[in-house]
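# A closer look at the structure
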Amino acid sequence: MKQKMIAFLLHNAGPSIVLRVKKEILKDISEKEERELQRKILEEKIIKRIAEKQQENGWIGHGFHGSSKNAGQYDNQETATKYMGEKGLKGTALLDGAINAFTTTKLTDLCYETKGRLYSEFEIPAFGQNMIRCACIARAHYDDTIDITPQIGIALESFKRVTEVDSILDVSRPSKKCRLFNENERWPCRYHLEILAFTDSWKNRENIDMLAEAFKKLMRTDRLEIMNTPVACWVGHIVGPLWYLSEGYSISTNLVNRCSTDGTRRVNMEKVEWLTRCGLYNYIPQLQTEVDYILQNVNRDGICEIDVYEDEFKGWGPYAGLRLESDWRSKVCKACDITFRALLILHYSEAEYLSENP
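Sequence order as written defines residue numbering, which begins from 1 separately in each chain. Since the coordinates come from a predicted model, pLDDT governs what is reported: local features require at least 70, and pairs of side-chain atoms require 80 or more to be given and counted, while whole-chain, interface and lining totals use all residues. Where side-chain values are given, they derive from all heavy atoms of the structure, hydrogens and water being excluded.

## Considering the packing of aromatic side chains
Any two rings among Phe, Tyr and Trp, with Trp reduced to its six-membered ring, count as a pair given centres within 6.5 Å; such a pair is stacked if its planes are under 30 degrees apart, edge-to-face if over 60, and tilted if neither. Overall, the coordinates contain 14 aromatic pairs when judged by the stated rule. Taking the centre distance of 5.2 Å and the plane angle of 80° together, the rings of Trp59 and Tyr112 count as edge-to-face. One end of the pair, Trp59, is in the loop between helix H4 (45-52) and helix H5 (77-87); the other, Tyr112, is in the loop between helix H6 (93-104) and helix H7 (129-139), and 53 residues separate them in sequence. Among the residues examined, Trp59 registers a relative accessible area of 2% and is labelled buried. On the basis of an interplanar angle of 75° and a centroid distance of 4.6 Å, the ring pair of Phe64 and Tyr112 is categorised as edge-to-face. Placement of the pair is Phe64 in the loop between H4 and H5 and Tyr112 in the loop between H6 and H7, with a sequence separation of 48 residues. Residues Phe64 and Tyr112 agree in their burial class; the two are buried. An aromatic cluster of at least three residues, connected via ring pairs, comprises Trp59, Phe64, Phe102 and Tyr112. Helix and strand assignments follow DSSP, with helices taken as H or I runs no shorter than four residues and strands as E runs no shorter than two, numbered in order from the N terminus. Exposure is judged per residue with a 1.4 Å probe applied to protein chains only, and the accessible area is read against the type maximum: over 50% gives exposed, under 20% gives buried, and values in between give partly exposed.

## Details of the side chain of Thr92
Among the secondary structure elements, Thr92 is positioned in the loop between H5 and H6. What qualifies as a polar contact is a pair of N or O atoms within 3.5 Å, subject to a donor-acceptor requirement within protein and to the restriction that residues adjacent in sequence count only when both atoms come from side chains. Here Leu89 takes part through its backbone oxygen, which lies 2.7 Å from a polar atom of the side chain of Thr92. A polar side-chain atom of Thr92 sits 3.4 Å from the main-chain amide nitrogen of Leu95.

## Remarks on the pattern of salt bridges
Here, a salt bridge means any side-chain nitrogen of Lys or Arg that lies within 4 Å of a carboxyl oxygen of Asp or Glu. Inspection of every chain in the model, using the stated rule, returns 30 salt bridges. Arg277 is paired through a salt bridge with Glu24; the nearest N and O atoms lie 2.8 Å apart. One end of the pair, Arg277, is in helix H11 (residues 269-277); the other, Glu24, is in helix H2 (residues 15-25), with 253 residues separating them in the sequence. Here the two residues Arg277 and Glu24 agree in accessibility, since each one is buried. Through salt bridges with shared partners, a single ionic network connects Arg20, Glu24, Glu78, Lys82, Glu86, Arg139, Glu194, Glu273, Arg277 and Arg341.

What follows is the structure, encoded as structure tokens:
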């Protein structure tokens, strides 16, 4: 089945998926072939639009954490760097320049859209512009040249905290308007998970065991009084956290819509991919159920035929984005994107992360 999926993608997919199948799955691509595929990717409409918005220092557009009134969907630093990383453009001048801007731009620069204030990820749970920055670096696979080990450490500490307390109520306090995270506490958010999913240095048996324990606790549904508890951050005023992970966490539901409303069985491919990237397939029964369902719906031609949350694919931004093919009006393009994610999930669910890592 895996070979049929690979054959389907190599024959039908665009250059990004072909590049990543050969490099990430098969681990068999020459430097010349990679550069030629990247040349084709750089000619795509969205990538050319991103290139047009690149500033002299490498920064993309005028936004950071997703679009603003001065930025379109892709012409902002966060979305652009993650999108280009997923497209396989590491090592090109375009993405190298954008990532370099993260090293030359102070975190208090106005481009981070915090009015010059630094929100420390070490003091405020599930918050801070540097957590977003480091997630971009991880997603684009530049953690081998830029040190983000302190943020990997914060991510691990945040998940470990789930295992140490009874519930989110123990790391937050009531206020007049809502509950607020305690200062200097830890609690995991989407960006912590993203950093762990796209880095490898932390992966050993002890850490994976801890992460599995944290997710099992987050996924409990036997305590309705704590499920999906709303908690905000205090930075002199109330702000929303970076999509923190609350008790009642579900692998199958959609971040935006929360659940299907038409009765259709859909799969949240991003959640499944990220958790399998973290080495959790053998630990979490709900994850095994989702992976098995995906693979049961791969047909004899190697095409994955499941229903997905389309906004999770097409809605590239801070909290979504998986589509790599150019046009989903084509059934083949859509099938390639979905099948590619299914192939990644199969690949990472088979991976073994041993305890040799420090």
